[in-house]
Amino acid sequence: MRLWQNPRMGSIARNDPCPCGSGKKYKACCLGRDEAARRGDPGPAPESEMTLRTRTMDRLVEFGERSYRRVFKDGRDLFLRLDDFGGEELAEEDLEIAPLDEDEEFEWMNRMMNGILFDLPAGPDGEVIAEAYLRRMSARLAEDEKAWLQEMVNAPLTPLELTEVQPGVGFRAKDLWTGEERFISERIGSDEVAVGDLLAARVTREADRYLLEGGSYSFPPDRKPAVEAEMAKYLTENDAATVRDLQKPQVRLFSIVLHALWTDL
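Residues numbered from 1 in each chain as written. Predicted model: local features only at pLDDT ≥ 70, side-chain atom pairs only at ≥ 80, totals over all residues. Heavy atoms only, no water.

K.L.:
In this structure, what is going on with the sheet that holds strand β9 (residues 217-219)? I would like to understand it.
P.N.:
Strand pairs in the sheet, formed through backbone hydrogen bonds, run parallel or antiparallel to each other. Read across the open sheet, the seven strands follow the order β7-β8-β5-β4-β3-β6-β9; overall the sheet is mixed. Either end of the sheet is taken by a strand with one partner, and the two such strands are β7 (203-206) and β9. In this sheet, neighbouring strand axes are inclined to one another by 40° on average, regardless of whether the strands run parallel or antiparallel. Strand direction decides the pairing type here: strand β6 (residues 198-201) and β9, joined by three bridges, are antiparallel. Bridge assignment links Leu-198 to a residue of β9, and that residue is Phe-219. (Pairing = 2+ DSSP bridges. Helix = DSSP H or I, 4+ residues; strand = E, 2+ residues; numbered from the N terminus. Axes fitted to C-alpha atoms, helices over the stretch in contact; angles between N-to-C directions.)

K.L.:
Is there a simple way to explain the environment of Gly-168 in this structure?
P.N.:
Of note, Gly-168 is situated in the loop between β3 (158-166) and β4 (170-175). For Gly-168, a relative accessible area of 32% gives the class partly exposed. Sequence separation between Gly-168 and Ser-190 is 22 residues, and the spatial gap between their C-alpha atoms is 5.7 Å. Gly-168 has contacts with Arg-187, Ser-190 and Asp-191, leaving out every residue within four places of it along the chain. (Buried < 20%, exposed > 50% of the residue type's maximum accessible area, 1.4 Å probe, protein only. Contact = heavy atoms within 4.5 Å.)

K.L.:
Would you explain empty space enclosed by the protein in this entry?
P.N.:
It is a probe the size of a water molecule, rolled over the atoms, that shows where empty space is left. Throughout the structure, instances matching the rule amount to two cavities of 30 Å³ or more. What lines the largest cavity is simply Phe-79, Arg-111, Asn-114, Gly-115, Asp-119, Leu-157, Arg-202, Gly-215, Tyr-217, Ser-255 and Ile-256. Here the residues of the lining of the largest cavity are counted per class, giving four nonpolar, four polar and three charged. (1 Å grid on protein atoms, 1.4 Å probe; cavity = no way out; pocket = protein on both sides within 12 Å on 5 of 7 lines; lining within 4 Å. Points joined across faces, edges and corners; volume = space filled by probe spheres on them. Nonpolar A, V, L, I, M, F, W, Y, C, P; charged D, E, K, R; others polar.)

Written as structure tokens, this is what we have:
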């Protein structure tokens with residue numbers, strides 16, 4: 001049996017579970033990439049942003065489902081209860097989310113998965129699954145994967161008000177927590193919004209531009225008082241004067257409030 005010695009992780013047998021947490025055997029997952037790195041091969045050409053995000057999310061989900069089953073079950077049950085898609089006792093087959101159409105179901109799953117991976121506490125000091133993945137698998141992740149995941153870890157779901165829209169290019173958005181404004185590059189989504197619209201979104205930074213990540217929520221302008229009321233209530237409940245007084249886990253968990261508000265409205 002052939003072993004490859006990774007100086008950071010020790011000996012890994014070809015038929016061992018892959019350390020990346022995918023649930024596959026090492027030979028069917030990361031062995032090829034590791035051997036290429038050992039040989040000094042340049043590797044594949046750079047991939048698109050969408051492919052990078054999809055691939056990284058797939059691996060993160062596999063890691064989470066394997067290592068944090070209870071967090072996944074509790075998170076799924078929470079989102080189903082918030083949206084009245086299931087009762088108190090939820091079996092695996094209850095994950096069907098009728099009567100949503102295919103696109104709506106995809107968006108719902110995207111929102112739920114983002115909440116489970118990046119918002120719900122899964123470890124000590126409020127550590128989320130994505131942080132655990134970065135901590136445990138850092139030596140095995142490509143630099144672009146680590147960079148994007150770190151941005152996502154630092155990007156809580158945030159209420160935004162659009163102050164300028166350039167269709168096909170992007171929009172300027174005001175953070176309702178801090179009052180700060182930034183221009184967000186968003187080619188497709190900018191065709192579907194208008195000044196005054198509200199978004200609850202994760203915004204990451206890549207080089208000199210800000211990007212809108214998947215799983216966002218859209219609110220009409222007349223819902224701003226309701227959003228601001230929930231923000232004020234959340235600060236009061238957590239004995240905070242401003243968002244800067246909240247601990248990181250508290251900031252993240254406001255995503256559940258935003259999801260519930262979006263569902264109610």
